[in-house]
Amino acid sequence: MLRDDINNAVKDAMRAKDERKLSTLRMVNSTIKNADIEARGQSKPPLSDGDLLSVLQKMIKQRQESVELYDKGGRAELAEQERAEIAVISAYLPQQMSEDDVKAAITAEIAASGAAGIKDMGKVIAALKAKYAGQMDFGKASGLVKAALTA
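As the structure is a prediction and not an experimental result, all values here were calculated from the model. (Residues numbered from 1 in each chain as written. Predicted model: local features only at pLDDT ≥ 70, side-chain atom pairs only at ≥ 80, totals over all residues. Heavy atoms only, no water.)

Below, the discussion takes up the overall build of the protein chain. When its secondary structure is counted, the protein chain shows seven helices and zero strands. In the protein chain, the succession of α and β elements from N to C terminus is α-α-α-α-α-α-α. Dimensions of the protein chain, computed from C-alpha atoms along their principal axes, come out at roughly 55 × 40 × 25 Å. Evaluated residue by residue, the protein chain yields a buried proportion of 34% over its 151 residues. (Helix = DSSP H or I, 4+ residues; strand = E, 2+ residues; numbered from the N terminus. Buried < 20%, exposed > 50% of the residue type's maximum accessible area, 1.4 Å probe, protein only.)

This is the structure:
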């Protein structure tokens, strides 16, 4: 499980005295625990690996936005810190699909679900999330699905 991998990496980072990796992984664990608590409050089970992947992607997206702001503000040291955190978190995500692979998956899912128009977009996105959690950026994918359904 992804949780076990992260917990083992925390221990390894402690042994190696890798402060940057250790603090980033502790932050990841904290975010996961907060998401579990939130799910429990909504009477849902603990997060699955697929849910954890979306949490990690959200963390990376937040850091990418921070990097942009720090670069614009001339804070190179803070931008570099965020980039280091992105590298640590990215190690726990599966390989991202290429844009061609994403387009092929979207085309296949539209055909499989029989989606005919924009009203079927949610059904296609839900199926893609179920099959490709952590492997594609669903923000970009939704734009591609919309374009494919309106064409």
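Read on, since the account is not over.
Counting 25 residues, the largest nonpolar core has Leu2, Ile6, Leu25, Val28, Leu56 and Tyr92 as the members making the most contacts within it. Only helix 1 (2-16), helix 2 (19-41), helix 3 (49-72) and helix 4 (76-90) provide two or more residues apiece to this core. The greatest single-element share of this core, amounting to seven residues, is contributed by helix 3. If we ignore the near neighbours within four places in the chain, the residues touching Tyr92 are Leu2, Asp5, Ile6, Ala9, Lys21, Leu25, Leu53 and Leu56. Listed in part, the 15 residues of the second largest apolar core include Ala115, Ile125, Leu128 and Phe138. (Core = buried A, V, L, I, M, F, W, Y, C linked by side-chain atoms within 4.5 Å. Contact = heavy atoms within 4.5 Å.)

Turning our eyes to something else, we now look at helix 4. With 15 residues, helix 4 ought to run about 21 Å at 1.5 Å a step, and its terminal C-alpha atoms sit 21 Å apart, in line with that. Buried residues along helix 4 sit in contact with helix 2 and helix 3. (Expected span 1.5 Å × (residues − 1).)

Our next topic: the packing of helix 2 against helix 4. Closest axis-to-axis distance for the helix 2/helix 4 pair is 10 Å, and the angle between their directions is 65 degrees. It follows that helix 2 is roughly perpendicular to helix 4 by the angle criterion. The handedness of the crossing between helix 2 and helix 4 comes out as right-handed. From helix 2, Arg20, Lys21, Thr24, Leu25, Met27 and Val28 reach across to helix 4, where they touch Gln81, Ala84, Glu85, Val88 and Ile89. Tallied by class, residues from the contact of helix 2 with helix 4 come to six nonpolar, two polar and three charged. (Axes fitted to C-alpha atoms, helices over the stretch in contact; angles between N-to-C directions. Parallel < 35°, antiparallel > 145°, perpendicular 65-115°, else oblique. Left-handed = near helix turned anticlockwise from the far one by under 90°. Nonpolar A, V, L, I, M, F, W, Y, C, P; charged D, E, K, R; others polar.)

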